[in-house]
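# A closer look at the structure
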Amino acid sequence: MPGLDAIETASRDELTALQTMRLRWSLEHAYAHVPHYRHAFDAAGVHPDDLREPADIARFPFTTKQHLRDAYPFGMFAVPREDIRRLHASSGTTGSATVVGYTQSDLDAWAELVARSIFAAGGRAGMMVHVAYGYGLFTGGLGAHAGAERLGCCVVPVSGGMTPRQVQLIRDLRPDILMATPSYALVIMDELRAQGLDPRETSLRTALCGAEPWSEGMRAELEQGFAMDAVDLYGLSEVLGPGVACECVESKDGPHVWEDHFYPEIIDPDTGAVLPDGAPGELVLTTLSRQAMPVIRYRTRDLSCLLPGTARTMRRMARIAGRSDDMIVLRGVNVFPSQIEELLLRDARLSPHYQIELRRDERLDRMILHIEARPGIESDPAPAVELRHAIKQALGISVDVTLVPAGTIERSVGKAKRVRDLRTITP
Ligand code: DLL
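Heads up: these notes are all about the structure in this document.

### Some remarks on the overall build of the chain
Check the secondary structure of the chain and you find 10 helices and 21 strands. Taken over the C-alpha trace, the chain has a radius of gyration of 22 Å; the compact-globule value for 427 residues is 22 Å, and the two agree within 12%. Projected onto the principal axes, the alpha-carbon positions of the chain cover approximately 65 × 55 × 40 Å. In the chain, 65% of the contacts between residues at least 6 apart in sequence involve partners at least 24 apart.

### Re the pattern of salt bridges
This model, assessed by the stated rule, comprises 36 salt bridges. Residue E247 pairs with R219 through a salt bridge whose shortest N-O separation is 2.9 Å. Taken together, the residues E247 in the loop between β8 (241-246) and β9 (256-257) and R219 in helix α8 (residues 216-226) connect sequence positions 28 residues apart. The burial state of E247 is the same as that of R219; both residues are buried. The salt bridge involving D400 is made with R366; its shortest N-O contact spans 2.4 Å. Here D400, found in strand β20 (residues 400-404), pairs with R366, found in strand β19 (residues 364-373); they are 34 residues apart in sequence, far enough to count as distant. Assessed through its relative accessible area of 28%, D400 is described here as partly exposed. A network of salt bridges, in which partner residues are shared, links D5, E8, R116, E250, D260 and R312.

### Considerations on the sheet that holds strand β15 (residues 322-323)
Think of a sheet as strands paired side by side through backbone hydrogen bonds, with each pair either parallel or antiparallel. Pairing in this open sheet of 4 strands is antiparallel, and the strands run β10-β11-β12-β15 from one edge to the other. In this open sheet, the two strands that pair with only one neighbour each are β10 (262-267) and β15. In this structure, β10 lies alongside strand β11 (residues 281-287), joined through 6 bridges in antiparallel fashion. Pairing of F262 across the sheet is with T287, part of β11.

### Observations concerning helix α5 (residues 139-151)
Each full turn of the α-helix corresponds to 3.6 residues, which orients residues three or four apart in the same direction. Along its 13 residues, α5 runs 18 Å from first to last C-alpha, staying within 8% of the 18 Å computed at 1.5 Å per residue. Taken as a whole, α5 has its buried residues at T139, G140, G141, G143, A144, H145, G147, A148 and L151. Positioned one or two residues after α5, G152 has a phi angle of 100°, which is positive.

### Notes on the packing of helix α4 (residues 104-120) against α5
As a packed pair, α4 and α5 sit with axes 7 Å apart at the nearest point and diverge in direction by 75°. The angle between α4 and α5 falls in the class roughly perpendicular. Residues D108, W110, A111, E112, V114, A115, I118 and F119 of α4 form the contact with α5, whose own contacting residues are T139, G143, A144, A146, G147, A148, R150 and L151. Along the lines of polarity and charge, the residues of the contact of α4 with α5 split into 10 nonpolar, 3 polar and 3 charged.

### Quick word on the packing of helix α6 (residues 163-173) against helix α7 (residues 182-194)
Helix-helix packing: each pair is described by the crossing angle between the helix axes and the interaxial distance. At a minimum axis distance of 9 Å, the contact between α6 and α7 shows a crossing angle of 75°. Relative to α7, the element α6 lies roughly perpendicular. Contact residues: α6 offers T163, P164, Q166, V167 and I170, while α7 offers Y184, V187, I188, E191 and L192. Residue classes in the contact of α6 with α7 are distributed as 7 nonpolar, 2 polar and 1 charged.

### Some remarks on the state of the cysteines
Under the criterion given, the structure shown has 0 disulfides. Counting only cysteine sulfurs, C246 is the nearest neighbor of C209, a cysteine outside any disulfide, at a range of 10 Å. Owing to a relative accessible area of 0%, C209 belongs among the buried residues under this scheme. No disulfide involves C248; its nearest neighbouring cysteine sulfur is the one of C246, lying 7.0 Å away. Relative accessible area serves as the criterion here: at 0%, C248 is assigned to the buried category.

### Description of the environment of R124
Tracing the chain through its elements places R124 in the loop between α4 and β3 (128-131). On the basis of relative accessible area, R124 is assigned to the partly exposed category, the value being 35%. For the pair R124 and P48, spaced 76 residues apart in sequence, the C-alpha separation works out to 40 Å. The contact partners of R124, leaving out residues within four places of it in the chain, are F119, L151 and C153.

### Thoughts on the pairing of β20
Across a regular strand the side chains alternate sides, sitting on one face of the sheet and then on the other. Here β19 pairs with β20 via 5 bridges, running parallel. Each residue of the ladder has a partner; that of I368, found in β20, is D400. Between the parallel elements β19 and β20, the chain passes through helix α10 (residues 382-395) in a crossover that is right-handed.

### Some details on the side chain of E238
Along the chain, the position of E238 falls in the loop between β7 (229-236) and β8. You can call E238 buried: its relative accessible area is 7%. The residues touching E238, leaving out its near neighbours within four places in the chain, are K65, L68, S90, T98, V100, R290, M293, V295 and Y298.

### Focus: the site of the ligand
Close contacts around the ligand come from 22 residues, with D232, L233, S237, D302 and K415 the closest. The separation between a nitrogen atom of the ligand and a polar main-chain atom of L233 is 2.7 Å. For the ligand, the accessible surface in isolation is 600 Å², of which the surrounding protein chains cover 96%. Among the elements that make up the shell around the ligand, the one with the highest residue count is β7 (5 residues). Among the residues forming the shell around the ligand, the class breakdown is 9 nonpolar, 7 polar and 6 charged.

Calculation rules
- Residues numbered from 1 in each chain as written.
- Predicted model: local features only at pLDDT ≥ 70, side-chain atom pairs only at ≥ 80, totals over all residues.
- Heavy atoms only, no water.
- Helix = DSSP H or I, 4+ residues; strand = E, 2+ residues; numbered from the N terminus.
- Rg over C-alpha atoms; globule rule 2.2 N^0.38 Å.
- Contact = heavy atoms within 4.5 Å.
- Salt bridge = Lys/Arg side-chain N within 4 Å of Asp/Glu carboxyl O.
- Buried < 20%, exposed > 50% of the residue type's maximum accessible area, 1.4 Å probe, protein only.
- Pairing = 2+ DSSP bridges.
- Expected span 1.5 Å × (residues − 1).
- Axes fitted to C-alpha atoms, helices over the stretch in contact; angles between N-to-C directions.
- Parallel < 35°, antiparallel > 145°, perpendicular 65-115°, else oblique.
- Nonpolar A, V, L, I, M, F, W, Y, C, P; charged D, E, K, R; others polar.
- Disulfide = S-S within 2.5 Å.
- Right-handed = clockwise from strand over helix to strand, strands pointing away.
- Near = heavy atom within 4 Å.
- Polar contact = N/O pair within 3.5 Å; in protein donor to acceptor, adjacent residues only side chain to side chain.
- Areas by Shrake-Rupley, 256 points an atom, 1.4 Å probe, with all protein chains shown as cover.

Structure (structure tokens):
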């Protein structure tokens, strides 16, 4: 029965030795089998033999989403098409999708890592897991599914949507664990309440939430609402899917990067320089074991920082503040939706259902924050005034806050759409 992997608590030296060996393998594999890497390494004047220790990876060129797009569909694969057992595609909110492939060994490693993540969250063999991540080309559903089975859990493969049915299944089957985007977990919670049920009385005791940025305020909302632990699960399809990093329930202090399979770096997004642990910047990931599609120094666009290990030897990443391409630049100030979320959830009169609208009026950018008030508060002007003040104090921007009736903000089944940018649309 899977439990804690020995490598999770191995010494830092043992981990570094493994990383060095696997990094060298991954570089050689990419160089030998993927024309893009051969050209890029040659152009940069580097060779896989140049890697003596993990930090030498900084000499190798970055890989970007554009490189993956240019190689659409199979140009980044390092094994013959016949050896690929499964394809997924990235959500691709902007531009064309990118296809990712897995060999049988990649699928096994992925299942192991998701099993490890569920275990870290407190899941154990024999428990029941309700998977509300979408099934299909998105990696969330099938990734969660295989990992839960690998751990020895009983999986309920519900996928996203049809929320009343989700509630019915939770009531009837009594799952222990929920795997869903945080925004969809909230939708399920609201549906329970709408049916006159107390979410605290369901069987759910653990949630693994991810696939979108969320805040400590949102964690508190879910944990108190459901009487459960909610941990942060991170991943991206280009590198694997869910299970690149996961928080441990005993510390809840940011996801541990599963460093035996991924080598993380933080860089300055403008200069590309590698930053020391603790400094905020863009997360860059190199795969150490992937056969079908090794990725070398992939620029995730996710903003985080690396922190020392706590519950495990492996380093942690700070909760993702946002993606560099989700960053709102309002009159020259950089703001992430998660910062707004953190502030609004400090007020118990406001609900976590919100949307940020950006407009350009007479060449001046405006942010209008639409938030659902908790029942009974709709006509009270005080929360909006106070939040406006708190945002001005904390973030230095003036925003308009509008309280809207419950149920008017669009609900998401998967990743929530927090920002509506109408600035490029001319009236
Ligand atoms: O979202 C994989 C996943 C599925 C992760 C289920 C966790 C749970 P993509 O669709 O390729 O893959 O989107 C990846 O989502 O680069 C981040 O911007 C964001 N993201 C993923 N997990 C988190 C998280 C899946 N825990 C992109 N916190 C990533 C914040 C996250 N953002």
